Each structure stands twice: as structure tokens, then as C-alpha cells.
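# Reading the structure
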Amino acid sequence: MMHSEELIRYETYQETAEWLLSRTKHRPKVAIICGSGLGTLAEALANQETFKYTDIPNFPQSTVQGHAGQLIFGELKGKTCVCMQGRFHMFEGYPLAKVTFPVRVFRLLGVEVLIVTNAAGSIADGYNTGDIMIIKDHINIPGFAGQHPLCGPNDERFGSRFPCLSDAYDRSLGKLALDISREIDHSDCIHEGVYCMVGGPSFETIAEARLLHKLGADAVGMSTVPEVTVARHCGLRVFGLSLITNKVTKEYDCNEAVDHEAVLSIGKMRARVVEGLVTELVARMELNMGC
Ligand code: HPA
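A quick note: this is a predicted structure, and the numbers were derived from the prediction, not measured.

What follows concerns the site of the ligand. Close contacts around the ligand come from Ala119, Ala120, Gly121, Phe203, Glu204, Val220, Gly221, Met222, Thr245, Asn246, Val248 and Val263, and that covers them all. Between the ligand and alanine 119, the relevant distance is 3.4 Å, taken from a nitrogen atom to a main-chain nitrogen or oxygen of the residue. Side-chain polar atom of glutamate 204 to a nitrogen atom of the ligand: 2.7 Å apart, as the coordinates give it. Surface burial for the ligand is 95%, taken as the share of its 260 Å² of free accessible area covered by protein chains. Of all the elements in the fold, those that place two or more residues in the shell around the ligand are strand E5 (113-122), strand E8 (219-221) and strand E9 (237-247). Broken down by element, the shell around the ligand gets its largest block of residues, 3 residues, from E5.

Quick look at the side chain of histidine 233 now. Mapped onto the fold, histidine 233 is located in helix H7 (residues 225-233). For histidine 233, the side chain forms a polar contact with the main-chain oxygen of glycine 159, separated by 3.4 Å. Setting aside its immediate chain neighbours within four residues, histidine 233 contacts Arg104, Leu150, Asn154, Asp155, Phe158, Gly159, Ser160 and Pro163.

Interaxial distance between helix H1 (residues 10-21) and helix H3 (residues 101-109) falls to 9 Å at its minimum, and their mutual angle equals 60°. It follows from the interaxial angle that H1 and H3 lie oblique. At the point where H1 passes H3, the crossing takes the right-handed sense. Residues Tyr10, Thr12, Tyr13, Gln14, Thr16, Ala17, Leu20 and Leu21 of H1 form the contact with H3, whose participating residues are Phe101, Arg104, Val105, Leu108 and Leu109. Taken together, the residues of the contact of H1 with H3 sort by class into 9 nonpolar, 3 polar and 1 charged.

All right, on to the packing of aromatic side chains then. This model, assessed by the stated rule, comprises 10 aromatic pairs. Measuring from centroid to centroid gives 5.1 Å for tyrosine 13 and phenylalanine 158, while their planes differ by 75°, and the two rings are edge-to-face. Of the two residues, tyrosine 13 sits in helix H1 while phenylalanine 158 sits in the loop between helix H4 (141-144) and helix H5 (171-183), which places them 145 residues apart along the sequence. We note that tyrosine 13, like phenylalanine 158, is buried. For the pair phenylalanine 88 and tyrosine 94, a centre-to-centre distance of 5.5 Å together with 75° between the ring planes defines the contact as edge-to-face. Both residues of the pair, phenylalanine 88 and tyrosine 94, belong to the buried class. By the ring-pair criterion, three or more aromatic residues cluster together here, those being Tyr10, Tyr13, Tyr53, Phe59, Phe88, Tyr94, Phe101 and Phe158. One cation-aromatic arrangement involves arginine 157 over tyrosine 10; the distance from NZ or CZ to the ring centre is 4.1 Å.

Moving on to unusual backbone geometry. Backbone torsion omega between glycine 200 and proline 201 reads 0°, so that peptide bond is classified as cis. Its place among the elements puts proline 201 in the loop between strand E7 (190-197) and helix H6 (206-215). Phi is positive for asparagine 47, close to 50°, though the residue is something other than glycine.

Scoring rules and cut-offs
- Residues numbered from 1 in each chain as written.
- Predicted model: local features only at pLDDT ≥ 70, side-chain atom pairs only at ≥ 80, totals over all residues.
- Heavy atoms only, no water.
- Near = heavy atom within 4 Å.
- Polar contact = N/O pair within 3.5 Å; in protein donor to acceptor, adjacent residues only side chain to side chain.
- Areas by Shrake-Rupley, 256 points an atom, 1.4 Å probe, with all protein chains shown as cover.
- Helix = DSSP H or I, 4+ residues; strand = E, 2+ residues; numbered from the N terminus.
- Contact = heavy atoms within 4.5 Å.
- Axes fitted to C-alpha atoms, helices over the stretch in contact; angles between N-to-C directions.
- Parallel < 35°, antiparallel > 145°, perpendicular 65-115°, else oblique.
- Left-handed = near helix turned anticlockwise from the far one by under 90°.
- Nonpolar A, V, L, I, M, F, W, Y, C, P; charged D, E, K, R; others polar.
- Phe/Tyr/Trp six-rings, centres within 6.5 Å; stacked < 30°, edge-to-face > 60°.
- Buried < 20%, exposed > 50% of the residue type's maximum accessible area, 1.4 Å probe, protein only.
- Lys NZ or Arg CZ within 6 Å of the ring centre and 35° of its normal.

Laid out in C-alpha cells, this is it:
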């Protein structure tokens with residue numbers, strides 16, 4: 001297995017971006033990464049052009065059930081977007097440079113805003129299965145242990161050696177999403193909170209869940225943080241949301257168990273709500289370079 005420190009050369013990202021640009025008429029300004037069970041979001045795109053990951057040079061391949069493994073270009077409410085149906089996870093054995101490879105390709109395609117969605121377990125006491133959490137900040141547990149996508153030589157063409165992450169999640173996009181959720185009347189099941197990334201693939205022990213609660217995490221999952229970190233490094237604005245697919249138990253006398261099937265089925269049940277929120281957010285967001 002490669003390590004996250006293994007360098008992917010600038011020219012490799014460029015080769016992939018140029019390959020895509022020469023095969024699609026679309027010039028996306030918004031990239032959307034669809035989480036587990038949330039891939040239907042991409043089906044709302046108009047004038048679709050689709051590329052399987054297996055056909056795109058240098059692209060990693062997706063191995064998780066529930067992730068289709070293709071890039072879909074198209075228009076959402078008049079804005080040109082590119083959607084990832086299926087993402088790459090650290091627990092699949094990918095180095096984080098591979099996990100985040102698409103984000104730098106998006107940058108080279110001209111993307112300005114990255115939207116990330118994921119399935120997550122709730123740590124906060126007031127959350128229920130099926131709720132949506134707008135991510136206001138994150139905790140990078142693998143990063144604490146040196147599993148960080150920006151470890152290794154820094155390429156200044158993407159960003160600076162020590163990027164600031166105190167503004168990781170765009171506050172104006174977060175506020176817009178909250179306003180929209182109030183309008184579409186799902187405000188009772190929409191929260192703003194802190195997402196914590198763990199490496200997975202096992203779900204949390206009760207002691208770990210209690211630890212994450214004490215650390216200030218509201219939801220926990222196995223993705224998103226590497227992509228967001230690399231997106232901020234190369235200057236993309238970021239909006240993220242978690243669909244709460246299960247409650248993470250913090251009590252020893254609770255019999256609730258979580259499995260991947262449950263995560264996917266909640267995703268299917270609530271996909272329309274996530275889709276509605278993201279679509280309206282894309283419709284109303286302001287971009288620098290038009291659509
Ligand atoms: N823990 C970690 N990742 C997850 C969970 C969870 O409970 N649910 C969905 N992804």
C-alpha cells in the first residue's frame with residue numbers, strides 16, 4: 001500500500017483535468033461529492049455527460065457498495081456542476097493523496113465551490129435518525145495522528161504550506177442553507193454542528209463515542225475532512241452537510257446496533273430532502289465567474 005506522503009505530481013492532476021476538459025462541453029463552477037446513499041443528487045442534473053472512474057486517467061476506483069463510481073457533469077438550476085457519485089475513503093486503503101485527488105482536479109477544471117455530503121452517526125443528544133446537520137466545523141482525528149492529506153512536500157501552485165482552517169466551512173453558504181431549510185419547513189430536523197472524522201471501518205465503541213462527545217463532536221463519519229482540507233488549501237469555498245443515518249450509542253445498556261445497510265436505507269429515505277436543500281443552495285449561491 002502507498003502512504004499518504006507519496007507525491008502525486010502537478011502534471012498528473014493536469015493530465016486528468018485536460019482529459020476531462022477535452023471530452024465535456026461543461027465548465028463546472030460547483031463540485032458536489034455525494035455521500036453513501038446520496039448519489040441520486042446527481043440524477044437531477046440537466047444535459048448530463050458521464051465518465052466512469054475506470055475510464056478517467058489517474059482516477060482512483062471506488063470499492064464501497066452504494067457508491068456508483070462515476071463523474072457526472074451537467075446543469076443544476078442553471079449552474080454548471082460536476083458530481084462525484086462515489087467517493088474514496090481512507091479505510092479502503094487509499095493514501096489520502098488519492099482520496100483527495102478529484103478535489104485538485106476540480107480546482108484545475110475551474111471549480112469555485114465544493115459541496116460535500118456524507119452519512120454520519122449522531123453524537124449530539126438532540127439529533128435523530130434522518131436529521132440533517134450543516135457542518136460548521138470539523139475535528140480531524142486521523143490528522144492528529146499524522147494521517148493528513150497535506151503531509152509531504154507542498155506544491156505552492158495549489159496553496160500555502162500552512163493553510164488556515166479556522167474558516168473551513170463558508171459561513172455565508174451555511175447561513176443560506178439554514179435560511180432555505182427554514183423555508184422548506186424542515187427546520188426542526190436541521191442542525192448546525194461539528195463533524196468528526198474517524199478512520200473506520202469499524203463503528204465506534206461506547207468509550208470512543210463518549211470521548212468524541214466530550215471533544216465537542218456532534219456527528220461522526222469516515223470521510224469528508226480530507227477533501228475539505230485539500231479544497232481549502234487550493235482556495236475553494238466549502239459547504240458540507242451530514243445526513244444522520246444512526247445514533248451512536250453512548251450507553252452500555254442500549255441494544256441499538258449500527259450496520260452499513262441501515263446507513264444506506266436512511267440515505268435512500270431522506271435523499272430527496274438532501275437533494276432539495278442542495279439544489280436550492282446551488283440555485284441561490286453567488287459565484288465569482290458567473291455560471
Ligand atoms: N460512525 C462512523 N461513521 C458513520 C456512522 C457512525 O456511526 N454512521 C455513518 N457513518
